[in-house]
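Inside the fold
Here's the letter readout for the chains.
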Amino acid sequence: MLRLKTSFLVPAALALLVVSASSALAQDEAEQPNPPRQSWSFSGIFGKFDQEQLQRGFKVYKEVCSACHRLSIPFRTLGQPGGPEFSEAQVKDLAASYQVVNDEPNDKGEIFKRPGMPSDVLPPPDSFPNDQAAAAAFGKAPPDMALLAKSLKYERGFPWFIFDALPFDQYQEMGADYIYAILNGYTKPDDPQWNLYYPSHKIAMPAPIADGAVAYTDGTPPTLDNYARDVAAFLSWAAEPTLEERKNDGLRTMIFLFVLSALLYFTKKRVWSGLH
Amino acid sequence: MSGNSTYVPKSAFGRWFEARLPIMGLVHSSFVAYPVPRNITYLWAFGAILSFMLIAQIVTGIVLAMHYIPSSTLAFASIEHIMRDVNYGWLVRYLHSNGASMFFFAVYVHMFRGIYYGSYKAPREVLWILGVIIYLLMMAEGFFGYVLPWGSMSFAGATVITNLFTAIPLVGTGIAHWLWGGYAVGDPTLTRFFSLHYLVPFMIVGVVILHVWALHVAGQNNPDGVEIKDVERDTVAFTPYATIKDLFALSVFLIVYAWFVFYIPTYLLDADNSVVANPLATPAHIVPEWYLLPFYAILRAIPNKLAGVVALFAAIVLLAFIPWLDSSPVKSAKYRPLFRFFFWVFAVCCVGLGWLGSQEVSDATTLAARILSIGYFGFLIVVLPLLGLIEKTKPVPASIADAILAKKGEASAPSAAS
């Protein structure tokens, strides 16, 4: 046993040395700080979205982000369980307030617009019907926000990336933290395109939102911090609308597997105890 | 699949059928009466776990293929359709994408176990080579599958890997164009990768059948690396002993799998793959999936492209020759103190290379990758042949039963505990 340990520990120690040396070197090259970790209602094993927060986040998207960013999710999902859970009537009215391009031309062969229906996908911003139009205006098309929260991650480095995968610390909200940090990262008032958390600090999107820009109706203070938090939560839901269902099913699956494993373990002991 | 069958059909129909197609006898001899060494540990359960994962990947994959559209304009949207609109589509997709990682995790445990206990040595050389072929097919399969969502990393990965072929002198570019079905990775590449992604699993099934067949001819190796001498004393019947043990191990493995699927499903997913592929916008930092990282690090450690590609393929192909590179007659590392040390050095080199493969290239990482690559090849080409000549091995027990008795004696003597 002792010998097994030394034969394993020596190479392991050597490896740790090599890894930490090159990771220390890599860290020096990092130019911008990592977004700080925030606490979210939807993190952890029992995490659930805060409905009211998602509704506020949607309001921020609709009144601010949607001027440039597309969000290609169907209207109906805004009423689904585990999301903002707008009522059926609210979703219908909301969809009808948008003009969407019909899939098929009419009987004269003309492409036409009609009021949206819950089954439609949210249309692109009025001023930028496609990515090319947006790119022509900004140099680079603003990303579709449907998967934005999933498309933002950053290097956590050794050993943190291991802890991120473990129970009780499972860190799955990097996208939300990133969005929150970016919105709060415009810290040089004289340069609206300087962002503390963006790679090389140069961001194409000028500071999009400030205190008081959106009127909240539920008494939540209309501050930049709250806007950033709410819209980050909303976009996390938009990227992963089945999160609550997934975590619920996960709990049931885990209980089942733990009981099954225990039963199999005792059966195995019983079966093998007959041997000598 | 050898002469262990004592199967006697009980019913008249059973006897009638067995006389015409003795398939029940085959199943009985392979999975019921088959003698299993008494001393094997849970590390031997990974064969069963891998069989389960292969079937699970095929089942979830077939369901995904019912909803997926292999077209460069629709593939990405069809994945989102699976995630948002298909009933339990998110579950099937996460089972499949994380299943690939669990499959590779299990295969790596299985392979390192094989190396540690010398499972590749006579009479199991063919068994080992079939395993290396399965591993190669799995890597191709994993790569094809990674391209299908047509995210930005899918596209970059497809470009990097297919570009490796351009390193071949004279015909390289022609081969790359032939693989792409055009002058760059595009729609024809995606459709053929989808076709191959659907084909390769069934090729794997075929080789797995040969692998299991070869296993059942040679018999399982075991932690003491001595062959079965007396079936009565050295072995137990596959059913119920190994069956229940494998089922328990599988159930524990499924807990880990479920943890990934339900709680950290995107942990292993590259964030850039949540952005649709765009030939004009390459991700800043191209990395393959984790299970290919050590080979990627070897490729990048070598400044010359052709030499890098040769080293990459050599790193895999050399594995098939381990049975002849290793010159020691003793199988298990338990009785090979020097080998045991170098085994762990090798394992650490593999993990270290994996980590370096995920990092951005710098002078420090290139140097580290070169040192660890030398460690990787050094183990296979220098250490394995040399150890057999210089290593002083410990006495190997005469039989499995003796090894078990020796261990029991050691456990009952208090001073033997370390």
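Worth saying up front: this structure is predicted, and the values here are computed from it rather than measured.

Observations concerning the overall build of chain A
In terms of regular secondary structure, chain A is built from eight helices and two strands. Residues classed as buried in chain A amount to 29% of the 276 residues present. At a minimum sequence separation of 6, the contacts of chain A that also span at least 24 residues come to 64%.

Overview of the nonpolar core
By size, the foremost hydrophobic cluster in this structure holds 104 residues, and its most contacted members are Ile49(B) and Leu353(B). Broken down by element, this core gets its largest block of residues, 14 residues, from helix H11 (residues 238–263) of chain B. When residues of this core are assigned to domains, at least three map to each of domain 2 (41–225 + 234–286) and domain 3 (294–395) of chain B. In this structure, Phe58(A), Met145(A), Ile179(A) and Ile182(A) belong to the second largest nonpolar core, which totals 43 residues.

Let's talk about the confidence of the model for chain B
Summary statistics for chain B give a mean pLDDT of 94 and a share of 97% for residues scoring 70 or more. For this predicted complex, the interface score ipTM comes out at 0.92, alongside a pTM of 0.93.

Description of the packing of helix H3 (residues 46–65) of chain B against helix H5 (residues 89–116) of chain B
Residue and element names in this part refer to chain B. At a minimum axis distance of 9 Å, the contact between H3 and H5 shows a crossing angle of 155°. Overall, the two elements H3 and H5 adopt an arrangement that is roughly antiparallel. Considering the relative orientation of H3 and H5, their crossing is left-handed. For the contact of H3 with H5, the residue count by class is 15 nonpolar, seven polar and two charged.

Considerations on the environment of Leu127(B)
Of note, Leu127(B) is situated in helix H6 (residues 125–147). On the basis of neighbour counts, which here come to 23 C-beta atoms within 10 Å, the residue Leu127(B) falls in the buried class.

Notes on the domain arrangement of chain B
All names here are of chain B. Along its sequence, chain B is carved into domain 1 (1–33), domain 2 (41–225 + 234–286) and domain 3 (294–395). Averaged C-alpha coordinates put domain 1 and domain 2 at centres separated by 34 Å. Domain 1 puts six residues into the contact, and the matching count from domain 2 is six residues.

A look at the interface of chain B and chain A
Between chain B and chain A, the residue contacts involve 39 residues of the former and 45 residues of the latter. Looking at the side of chain B that touches chain A, the elements with two or more residues in it are H11, helix H15 (337–358) and helix H16 (363–390) of chain B. Taken together, the residues that form the side of chain B that touches chain A break down as 26 nonpolar, eight polar and five charged.

Some words on the packing of H5(B) against H6(B)
To describe two helices that pack against each other, one gives the angle between their axes and the distance between the axes. All names here are of chain B. Where H5 meets H6, the closest approach of the two axes is 11 Å, and the angle between their N-to-C directions is 155°. Classified by the angle between their axes, H5 and H6 sit roughly antiparallel to one another. H6 is crossed by H5, and the crossing has left-handed handedness. Taking contact as the criterion, the partners of Ala100, Phe103, Phe104, Val107 and Gly114 in H5 are, on H6, Trp128, Tyr135, Met138, Gly142 and Gly145. Of the residues contributing to the contact of H5 with H6, the split by class is seven nonpolar, three polar and no charged.

Let's talk about unusual backbone geometry
Here the bond from Phe158(A) into Pro159(A) is cis, since omega is 0°, no more than 30 degrees from zero. Here Pro159(A) is to be found in the loop between helix H4 (131–138) and helix H5 (160–163). A cis amide bond, omega 5°, links Ala122(B) with the succeeding residue Pro123(B). With respect to the helices and strands, Pro123(B) occurs in the loop between H5 and H6. Its identity as a non-glycine residue notwithstanding, Trp150(B) has a phi of 55°, on the positive side. Position of Trp150(B) among the secondary structure elements: in the loop between H6 and helix H7 (152–163). For Trp150(B), a count of 25 C-beta atoms within 10 Å gives the class buried. Residues other than glycine seldom take positive phi values, yet Leu170(B) does so here, at roughly 65°. Along the polypeptide, Leu170(B) turns up in the loop between H7 and helix H8 (172–180). Under the C-beta neighbour-count criterion, Leu170(B) is labelled exposed, with 7 such atoms within 10 Å.

Definitions and limits used
Residues numbered from 1 in each chain as written. Chains lettered and ligands numbered in written order. Predicted model: local features only at pLDDT ≥ 70, side-chain atom pairs only at ≥ 80, totals over all residues. Helix = DSSP H or I, 4+ residues; strand = E, 2+ residues; numbered from the N terminus. Buried ≥ 20, exposed ≤ 12 C-beta atoms within 10 Å, placed from the backbone. Contact = placed C-beta atoms within 7 Å. Core = buried A, V, L, I, M, F, W, Y, C linked by C-beta atoms within 7 Å. Domains from an automatic or database assignment. pLDDT = per-residue confidence, 0-100. Axes fitted to C-alpha atoms, helices over the stretch in contact; angles between N-to-C directions. Parallel < 35°, antiparallel > 145°, perpendicular 65-115°, else oblique. Left-handed = near helix turned anticlockwise from the far one by under 90°. Nonpolar A, V, L, I, M, F, W, Y, C, P; charged D, E, K, R; others polar.

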